[in-house]
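Close look at the chain arrangement
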Amino acid sequence: MAPDESGKGLAVVTGASTGIGYELAKCAARDGYDLIVVADEERINQAAADLKAFGTSVDAVEADLSTLEGVDRLTERITASGRSVDLLMANAGRGIGEGFLDQNFNEARKVVDTNITGTIYLIHQIGNQMRSRGQGRILLTGSIAGFMPGSYQAVYNATKAFINSFSFALREELKESGVTVSCLMPGATETEFFKRASLLDTAIGQSKKDDAGEVARIGYDAMMDGEGDVVSGWKNKLQAAVANVTPASVLDHQHSKAAKPGSGTK
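Note that the coordinates shown come from a computational prediction; the quantities given were computed from them, not determined experimentally.

1. Some points on empty space enclosed by the protein
Per the stated rule, a full pass over the model turns up 2 cavities of 30 Å³ or more. Considering only enclosed or pocket space, the largest cavity measures out at about 50 Å³ in volume. Every residue along the wall of the largest cavity is listed here: Thr 14, Leu 65, Ala 90, Asn 91, Ala 92, Thr 114, Gly 118, Thr 119 and Leu 122. No other element matches helix 4 (residues 105–133), which puts 4 residues into the lining of the largest cavity. Its residues placed into classes, the lining of the largest cavity shows 4 nonpolar, 5 polar and no charged. Taken as a whole, the second largest cavity holds about 40 Å³ of empty space. Residue lining of the second largest cavity: Ala 90, Asn 91, Ala 92, Asn 115, Thr 119, Leu 140, Thr 141, Lys 160 and Ile 163, and that is the complete set. Among the elements of the structure, helix 4, strand 5 (136–141) and helix 5 (154–173) are those that each provide at least two residues to the lining of the second largest cavity.

2. Structural notes on the side chain of Asp 34
Structurally, the position occupied by Asp 34 is in strand 2 (residues 34–39). A relative accessible area of 6% means that Asp 34 is categorised as buried.

3. A closer look at the side chain of Asp 86
If you trace the backbone, Asp 86 turns up in the loop between helix 3 (68–81) and strand 4 (87–90). For the buried Asp 86, no salt bridge is present, and the opposite-charge side chain at shortest range is Arg 133, 4.2 Å distant. Within the structure, the side chain of Asp 86 is placed 2.8 Å from the backbone nitrogen of Leu 10, a separation counted as a polar contact.

4. Quick look at the nonpolar core
Ranked by internal contacts, the top residues of the largest apolar core, which has 31 residues, are Leu 24, Leu 35, Val 37, Met 89 and Tyr 220. Broken down by secondary-structure element, the contributors of at least two residues to this core are strand 1 (10–14), helix 1 (19–30), strand 2, helix 2 (43–51), strand 3 (58–62), strand 4 and helix 7 (212–224). Per element, the largest residue contribution to this core is 7 residues, and it comes from helix 1. Ignoring anything within four residues of it in the chain, the contact list for Met 89 reads Ala 11, Val 12, Val 13, Thr 14, Leu 24, Ala 28, Leu 139, Tyr 220 and Met 223. If you look at the next biggest cluster of nonpolar residues, it comprises 25 residues, including Val 61, Met 130, Ile 163 and Val 181.

The rules behind the values
- Residues numbered from 1 in each chain as written.
- Predicted model: local features only at pLDDT ≥ 70, side-chain atom pairs only at ≥ 80, totals over all residues.
- Heavy atoms only, no water.
- 1 Å grid on protein atoms, 1.4 Å probe; cavity = no way out; pocket = protein on both sides within 12 Å on 5 of 7 lines; lining within 4 Å.
- Points joined across faces, edges and corners; volume = space filled by probe spheres on them.
- Helix = DSSP H or I, 4+ residues; strand = E, 2+ residues; numbered from the N terminus.
- Nonpolar A, V, L, I, M, F, W, Y, C, P; charged D, E, K, R; others polar.
- Buried < 20%, exposed > 50% of the residue type's maximum accessible area, 1.4 Å probe, protein only.
- Lys, Arg positive; Asp, Glu negative; His and termini not counted.
- Salt bridge = Lys/Arg side-chain N within 4 Å of Asp/Glu carboxyl O.
- Polar contact = N/O pair within 3.5 Å; in protein donor to acceptor, adjacent residues only side chain to side chain.
- Core = buried A, V, L, I, M, F, W, Y, C linked by side-chain atoms within 4.5 Å.
- Contact = heavy atoms within 4.5 Å.

Here it is as structure tokens:
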């Protein structure tokens with residue numbers, strides 16, 4: 001990537017207040033990239049303050065990326081910076097537990113709007129800018145959940161199936177453009193996701209999880225190497241491989257036992 005006059009490139013990381021997104025931002029900061037970090041909560045400002053310890057410029061944007069207006073707010077801040085985006089790490093995501101008919105529909109829709117609509121709207125804008133320059137790297141955070149039906153996480157798993165598929169298609173479309181597209185597919189990771197999705201009483205919510213910093217490093221390295229996709233952790237690689245040859249009904253039954261409310265207390 002061609003740096004700007006300061007000698008540093010610009011990385012944009014969404015969902016960067018905690019978890020994998022924050023760790024992705026740390027990876028970019030260690031490599032000397034200036035940052036624009038985004039989340040839908042005030043904690044993004046503290047995250048930005050902590051990231052400045054790496055000696056790079058960090059700009060925090062508090063915006064709801066489940067809305068087109070929130071994405072526009074982010075892109076306006078990018079435009080105001082006068083910089084081109086070298087790395088776009090589209091990590092913002094949301095989950096929701098319980099059976100679909102028991103969920104609040106507005107909350108379920110926000111999962112779709114965050115994980116899909118806001119993500120592809122942002123990539124459409126920044127990706128066009130990258131393509132016009134003939135350079136750029138995009139990393140989407142998918143999930144191994146996208147390989148299987150997800151009883152009690154039906155909406156979330158379906159959105160991740162979309163992201164996994166979308167990333168491969170976009171990568172193919174851009175393969176001669178100078179823009180690379182990578183997809184990080186983690187398994188259960190130690191973040192606030194399970195608390196926010198009301199999954200703490202489930203077997204999967206109480207299971208041992210992967211370290212967010214390690215997951216982020218694997219995804220970041222894959223993006224920088226131009227890899228198309230990466231599943232983090234050998235257990236997740238095995239699970240993904242098994243999912244490809246296992247009937248959907250079997251996968252769904254297995255997922256149901258892990259994600260059903262109360263399954264972690266039995």
